[in-house]
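Close look at the chain arrangement
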Amino acid sequence: MDDIPVAQRLVDAVISDFPDHAAGTRPVHTIGIGVDGYFVASDVARTYCIAEHFQGQQVDASVRFSNGSGSPVQHDGWNDVRGMATKFHLKDGAATDLIAMTLGEFFSRTVDDFFAFTTAARQTPVKRESPWQKFLDMLQLKQPLPDPYRRQTESGDAGTLAYANGHRFAQLGVFQAGMIGAPVSYARATYHAVHTFVVTGPDGIRRNVRFSWQPVAGVCTTDPTAAPVDKYLHQELRDRLEQWPARFMLMMTIGEAGDAIDDPTQPWPAKRLRVVMGTLTLTKVADDQAAAAEHISFNPCRLGPGIEPSGDPILHARRDAYQESCQRRGGNSCPLSGNSANARSANAK
Ligand code: HEM
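For the protein chain, the name recorded in an unreviewed UniProt entry is catalase, with Bradyrhizobium canariense as its organism. Recorded in UniProt for the protein chain, the comment headed Sequence similarities (unreviewed entry) runs: "Belongs to the catalase family."

Next up, the structure:
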């Protein structure tokens, strides 16, 4: 087992949680939609970071919104984490990526944690917990098992909840994921890049920061007591963008001494300074969805001068895992090869 590269084992582990995984697709965040837009940095952004897209000129952007599930079956109305992966197109054909999701914190601190989590999260036949069991769970301060959806036969919920109930560091992420619901629109959710990054300013000052996208239209989820609709998020986005562009503010939270830098399960105190780094304007659903949603690839370590990864082991592991996944599904531009030491200077398409 140990002679199989970690990236391969990570992708295999993720696939094992979705028995209906379809070859040639992403093993998670499988259902997605590609959108065109542009980003304009705020006036203060360049005082914090020398990265090209923070200097104030308009930068083209490609965004892929997704449901977190690795199933090829689209269940927009089900409780699920959503993803927003953004590619900023820089000059001379270069690009930098920012991958974010609707969870504020992750549920694993290390790669070993992640393997244990994926083992716990394997799908098992769903069962409806009795009201008494739910009551008992709550008395023990455990999160009760969610009721299965109509036509849902298997789920990883029982395993992930059991795992979280036994692993304190996973609780924030897993419990949030269990209650996150479904957004009324991909443009009405907040997305977090979760990890800490290190940005360098023009004065050479390096800061530990975390990024998130705040929707200008506000956050809104569907009614959790209503029957979920399977497919609405793609058409909603098309209709919305035909009427008016959708906007997101890029927020950068600045860490202080004592904040968890290398641990994506740990939140930072809410009173940390948050700076608006710019506005992303989404103009239309991309014409070529095969290119903009299926073949496109993102990597959390596709950074560039001015932005570096922190020492977070999950962030570093993702670098090669996404590359591996991209190659397996025949995705475009998987340029980050070699070991993760190169991640700091990676700045390719
Ligand atoms: C060790 C931890 C993780 C592993 C092994 C992992 C694995 C993967 C893989 C294999 C893909 C498909 C990549 C592709 O084929 O292009 C993916 C996609 C994605 N992951 Fe992760 N992931 C991890 C942690 C995270 C975290 C912390 C976030 C939070 C931001 C995240 C958000 C996403 C999103 C939004 C996508 C979809 C990207 C797209 O639209 O192309 N993942 N992940």
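A count of helical and extended segments in the protein chain gives nine helices and 12 strands. Computed over the C-alpha atoms, the radius of gyration of the protein chain is 20 Å, within 12% of the 20 Å expected from 2.2 N^0.38 for a compact globule of 349 residues. The dimensions of the protein chain, computed from C-alpha atoms along their principal axes, are 60 × 45 × 40 Å. Counting over 349 residues, the protein chain shows a buried share of 52%.

Let's shift gears to the layout of surface pockets. Regions of empty space are outlined by a rolling probe, equal in size to a water molecule, passed over the atoms. Space inside the second largest pocket adds up to approximately 310 Å³. Around the second largest pocket, the lining comprises 16 residues; the ones closest to its centre are Glu105, His192, Arg210, Thr253 and Trp268. Counting residues per element, the lining of the second largest pocket draws most heavily on strand β9 (residues 206-215), at four residues. Across the lining of the second largest pocket, the residue classes tally to six nonpolar, six polar and four charged.

Per the stated rule, a full pass over the model turns up 15 salt bridges. A salt bridge links arginine 272 to glutamate 256; its shortest N-O distance comes to 3.5 Å. Taken as a pair, arginine 272 in the loop between β10 (246-254) and β11 (274-285) and glutamate 256 in the loop between β10 and β11 lie far apart in primary sequence, 16 residues in all. Note that aspartate 287 is salt-bridged to lysine 284, the shortest N-O span being 3.2 Å. Judged by relative accessible area, which is 69%, aspartate 287 ranks as exposed. By relative accessible area, lysine 284 is classed as partly exposed at 35%. Through salt bridges with shared partners, one network takes in Asp12, Glu324 and Arg328.

Another point: the packing of aromatic side chains. The tally for this structure, following the rule as stated, stands at 17 aromatic pairs. Ring geometry for phenylalanine 117 against tyrosine 163: centres 5.5 Å apart, planes inclined by 85°, an arrangement best described as edge-to-face. With a gap of 46 residues between them, phenylalanine 117 in helix α3 (residues 111-120) and tyrosine 163 in helix α5 (residues 157-166) connect regions that are remote in the sequence. Tyrosine 163 matches phenylalanine 117 in its accessibility class, with the two residues each being buried. Taking 6.4 Å as the distance between ring centres and 80° as the angle between the ring planes, the aromatic pair formed by tyrosine 163 and phenylalanine 169 counts as edge-to-face. Taken as a pair, tyrosine 163 and phenylalanine 169 share a single burial class, namely buried. Aromatic ring contacts, followed pair by pair, group Phe39, Phe54, Phe88, Phe197, Phe211 and Trp213 into a single cluster. Here lysine 87 stacks its cationic end above the ring of phenylalanine 298, 4.9 Å away from the centre of that ring. Note that arginine 109 overlies the ring of phenylalanine 169, its terminal NZ or CZ placed 3.8 Å from the centroid.

The grouping of Trp132, Phe135, Leu136 and Leu139 at the surface amounts to a nonpolar patch, some 500 Å² of accessible area in total. Tracing the backbone through its elements, the reader meets leucine 139 in helix α4 (residues 131-139).

Conventions adopted
- Residues numbered from 1 in each chain as written.
- Predicted model: local features only at pLDDT ≥ 70, side-chain atom pairs only at ≥ 80, totals over all residues.
- Heavy atoms only, no water.
- UniProt positions renumbered as here; feature names shortened; annotations may be inferred.
- Helix = DSSP H or I, 4+ residues; strand = E, 2+ residues; numbered from the N terminus.
- Rg over C-alpha atoms; globule rule 2.2 N^0.38 Å.
- Buried < 20%, exposed > 50% of the residue type's maximum accessible area, 1.4 Å probe, protein only.
- 1 Å grid on protein atoms, 1.4 Å probe; cavity = no way out; pocket = protein on both sides within 12 Å on 5 of 7 lines; lining within 4 Å.
- Points joined across faces, edges and corners; volume = space filled by probe spheres on them.
- Nonpolar A, V, L, I, M, F, W, Y, C, P; charged D, E, K, R; others polar.
- Salt bridge = Lys/Arg side-chain N within 4 Å of Asp/Glu carboxyl O.
- Phe/Tyr/Trp six-rings, centres within 6.5 Å; stacked < 30°, edge-to-face > 60°.
- Lys NZ or Arg CZ within 6 Å of the ring centre and 35° of its normal.
- Patch = residues over 30% accessible without salt bridge, like charges linked within 9 Å, V, L, I, M, F, W, Y side chains within 5 Å.
- Areas by Shrake-Rupley, 256 points an atom, 1.4 Å probe, with all protein chains shown as cover.

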